[in-house]
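Secondary and tertiary structure notes
Spelled out from the first residue to the last, the chains are:
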Amino acid sequence: MNNIVDKDIKILKFNINLINKCNENKIFLVNDLWSLNRKELKRLGFNFEEIKEIIIKLQLNGLDLNRKVTK
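Notes on the structure follow. This is a predicted model, so every value here is computed, not measured.

A word on the packing of aromatic side chains
Throughout the structure, instances matching the rule amount to zero aromatic pairs. Cation over ring: K21 sits above F46, and NZ or CZ is 5.4 Å from the ring centre.

This is how it looks when you write it as structure tokens:
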């Protein structure tokens, strides 16, 4: 498994507003974010653009939402 999942979400280089929103929702590690899916993110108050940014940054690091590992 990729060691990135145990690191702080700041490693994904989100904008500060998105990092703050994650922290408000008790999402501090990549693993906390990685385990969610689009519906859960939407329920937590993330908008389409924020979810899109999350998906892209995870994919750039070989991860996908809902605990999928991409190669």
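Thoughts on unusual backbone geometry
The backbone of K13 shows a phi angle near 60°, a positive value even though the residue is not glycine. Along the chain, the position of K13 falls in the segment before α1 (16–24). Positive phi, normally seen in glycine, also occurs at K26, with a value near 60°. Inspection of the secondary structure puts K26 in the loop between α1 and α2 (30–34).

Topic: the nonpolar core
Of all hydrophobic cores here, the largest spans 21 residues; its most connected members are L33, L41, F46 and I54. Looking at this core, the elements that each hand over two or more residues are α1, α2 and α4 (48–60). Top contributing element to this core by residue count: α4, with four residues. If near-sequence neighbours (up to four positions away) are discounted, F46 is found in contact with L18, K21, C22, N25, I27, L41, I51 and I54.

Re α4
Taking 1.5 Å of rise per residue, 13 residues should cover 18 Å, and α4 covers 18 Å from first to last C-alpha, within 8% of that figure. Those residues of α4 that are buried lie in contact with α1, α2, α3 (38–43) and β1 (63–64). Once α4 finishes, G62 follows within two positions and takes phi at roughly 80°, a positive value.

What counts and how
- Residues numbered from 1 in each chain as written.
- Predicted model: local features only at pLDDT ≥ 70, side-chain atom pairs only at ≥ 80, totals over all residues.
- Heavy atoms only, no water.
- Phe/Tyr/Trp six-rings, centres within 6.5 Å; stacked < 30°, edge-to-face > 60°.
- Lys NZ or Arg CZ within 6 Å of the ring centre and 35° of its normal.
- Helix = DSSP H or I, 4+ residues; strand = E, 2+ residues; numbered from the N terminus.
- Core = buried A, V, L, I, M, F, W, Y, C linked by side-chain atoms within 4.5 Å.
- Buried < 20%, exposed > 50% of the residue type's maximum accessible area, 1.4 Å probe, protein only.
- Contact = heavy atoms within 4.5 Å.
- Expected span 1.5 Å × (residues − 1).

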